[in-house]
Amino acid sequence: MLKKADTSAIWAIVASLVLFFIGGLMTTVVPPMVDKSWGQPFANADKSKGPTGHLRRLNGLELAGRAVYVREGCWYCHTQQIRTLLADTKRYGWKGVDAPISTPDEFVYDSPHMFGTKRTGPDLARIGGRYDTQWHRTHFRNPRDLVKGSIMPAFPWLFTNKVDLTGYFAEADVIAQKAAATKDPALVEQAALAADLKAKLGPQAANLTEFDAMVAYLQTLGRAKDWREANDYEK
Ligand code: HEC
């Protein structure tokens, strides 16, 4: 019967549509039937703690760092996604613990996302907690001081450009009032984040640079997974 497709255009079209249909079924309908994990909610899903249970919004300082990350084009050279490949989970793991594969829930507040497409430098999805502030300071001043032959550019202006959070804290005051009135969980979380940050920074809040913001942002990456102790710094 399939031989007819050699000579008849109609048969060729029908046969190719049938094959295409089978291919479609095998790649879309069959996999979730075989692998039940597709239909399950995320392991860390907990409505009362936000969309993932672990993920939190970024505070003003971290958001400022993220803006610098976007502006400086860090994403030209760095991705933020651990793929389902051994090469990724081993390479970006930590002390023998494999890095967890990136899942959609991690990116709920990441807009626009920073997945990136090209790895001129290593992936940064699990960089949070890997190095301490001093390491980053040296690295941003001159990557060659730490990694011989590194082609990452130096970013010395991060240390002189100031970050002003006055606007953020003023807005946070309004959000806190709204949160008290409406009990909206999103607003309550944002108000709490701002209050925490204010308490943590103290008088230092007036003296922040883009470097402080950048490190604050980098240290958040990968923390939603809770796969390593929070202060497990190497250096
Ligand atoms: C021209 C490409 C390029 C750009 C742009 C770039 N990097 Fe890199 N980055 C690299 C390379 C290559 C490495 C690996 C060598 C090294 O550690 O210096 C690296 C390493 C790193 C590391 C250490 C990663 C690890 O796992 O050890 C961090 C953190 C980092 N970059 C952050 C940034 C940030 C933040 C920016 C933007 C301000 C940035 N990079 C911009 C190429 C780049």
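Cut-off values and rules
- Residues numbered from 1 in each chain as written.
- Predicted model: local features only at pLDDT ≥ 70, side-chain atom pairs only at ≥ 80, totals over all residues.
- Helix = DSSP H or I, 4+ residues; strand = E, 2+ residues; numbered from the N terminus.
- Buried ≥ 20, exposed ≤ 12 C-beta atoms within 10 Å, placed from the backbone.
- Contact = placed C-beta atoms within 7 Å.
- Axes fitted to C-alpha atoms, helices over the stretch in contact; angles between N-to-C directions.
- Parallel < 35°, antiparallel > 145°, perpendicular 65-115°, else oblique.
- Left-handed = near helix turned anticlockwise from the far one by under 90°.
- Near = placed C-beta within 6 Å.
- Nonpolar A, V, L, I, M, F, W, Y, C, P; charged D, E, K, R; others polar.
- Expected span 1.5 Å × (residues − 1).
- Core = buried A, V, L, I, M, F, W, Y, C linked by C-beta atoms within 7 Å.
- pLDDT = per-residue confidence, 0-100.

## Description of the overall build of the chain
Step number 1: Scanning the chain for helices and strands turns up nine helices and zero strands.
Step number 2: Listed by position from the N terminus, the elements making up the chain come as α-α-α-α-α-α-α-α-α.
Step number 3: Within the chain, buried positions represent 21% of all 235 residues.
Step number 4: For the chain, restricting intrachain contacts to residue pairs at least 6 apart in sequence, the fraction spanning at least 24 positions comes to 71%.

## Focus: the packing of helix H6 (residues 133–141) against helix H9 (residues 210–218)
Step number 1: At a minimum axis distance of 11 Å, the contact between H6 and H9 shows a crossing angle of 120°. Relative to H9, H6 is oriented oblique. Seen along the crossing, H6 lies across H9 with a hand that is right-handed. Touching Thr-133, His-136, Arg-137 and Phe-140 of H6 are Phe-211, Val-215 and Leu-218, all from H9.

## Remarks on the site of the ligand
Step number 1: Residues in contact with the ligand amount to 21 residues; listed here are only the nearest, Cys-74, Cys-77, Gly-121, Ser-150 and Met-152.
Step number 2: Every element with two or more residues in the shell around the ligand is listed here: helix H4 (74–77) and H9.
Step number 3: Here the shell around the ligand takes three residues from H4, the largest share from any one element.
Step number 4: Across the shell around the ligand, the residue classes break down as 15 nonpolar, five polar and one charged.

## Some remarks on helix H7 (residues 166–182)
Step number 1: Along its 17 residues, H7 runs 24 Å from first to last C-alpha, staying within 8% of the 24 Å computed at 1.5 Å per residue.
Step number 2: Lys-183 occupies a position one or two residues after H7 and carries a positive phi of about 60°.

## With respect to the packing of H7 against helix H8 (residues 185–201)
Step number 1: Where H7 contacts H8, the two axes come as close as 8 Å, and the packing angle between them is 135°. The orientation of H7 relative to H8 falls into the category oblique. The two elements H7 and H8 cross, and the hand of that crossing is left-handed. Between H7 and H8, the contacting residues are Phe-169, Ala-172, Ile-175, Ala-176, Lys-178, Ala-179 and Thr-182 on the first element and Leu-187, Val-188, Gln-190, Ala-191, Ala-194 and Lys-198 on the second.
Step number 2: Its residues assigned to classes, the contact of H7 with H8 shows nine nonpolar, two polar and two charged.

## Comments concerning the environment of Ala-186
Step number 1: Here Ala-186 is to be found in helix H8.
Step number 2: A sequence separation of 11 residues divides Ala-186 from Ile-175, and the C-alpha atoms of the two residues are 9.9 Å apart.

## A word on the nonpolar core
Step number 1: Ranked by size, the top nonpolar core spans 22 residues in total, and within it Val-68, Ala-213, Met-214 and Tyr-217 carry the most contacts.
Step number 2: Put simply, the parts of the chain that give this core at least two residues each are helix H3 (60–71) and H9.
Step number 3: The biggest single contributor to this core is H9, with seven residues.
Step number 4: Sequence-distant contacts of Ala-213, that is, excluding residues within four places in its chain, are made with Leu-61, Ala-64, Gly-65, Val-68, Val-163 and Leu-208.

## Remarks on the confidence of the model for the chain
Step number 1: Of all residues in the chain, 90% attain a pLDDT of 70 or more, and the chain-wide mean is 89.
Step number 2: The element-level mean pLDDT for the chain is lowest in helix H1 (residues 4–7), coming to 81, with H3 highest at 97.

## So, the environment of Thr-209
Step number 1: When you line up the elements, Thr-209 lands in the loop between H8 and H9.
Step number 2: For Thr-209, a count of 15 C-beta atoms within 10 Å gives the class partly exposed.
Step number 3: Here Thr-209 is in contact with Leu-158, Phe-159, Thr-160, Asn-161, Lys-162 and Val-163, once residues within four sequence places are set aside.

## With respect to unusual backbone geometry
Step number 1: Residue Pro-112 is bonded to the preceding Ser-111 through a cis peptide linkage, with omega at -5°.
Step number 2: Take Pro-112: it is sitting in the loop between helix H5 (86–91) and H6.
Step number 3: Phi angles above zero are rare outside glycine, and Lys-95 is one such case at about 45°.
Step number 4: Looking at the element boundaries, Lys-95 is found in the loop between H5 and H6.
Step number 5: Positive phi outside glycine occurs at Lys-183, with the angle close to 60°.
Step number 6: Turning to its location among the elements, Lys-183 is positioned in the loop between H7 and H8.
Step number 7: For Lys-183, a count of 9 C-beta atoms within 10 Å gives the class exposed.

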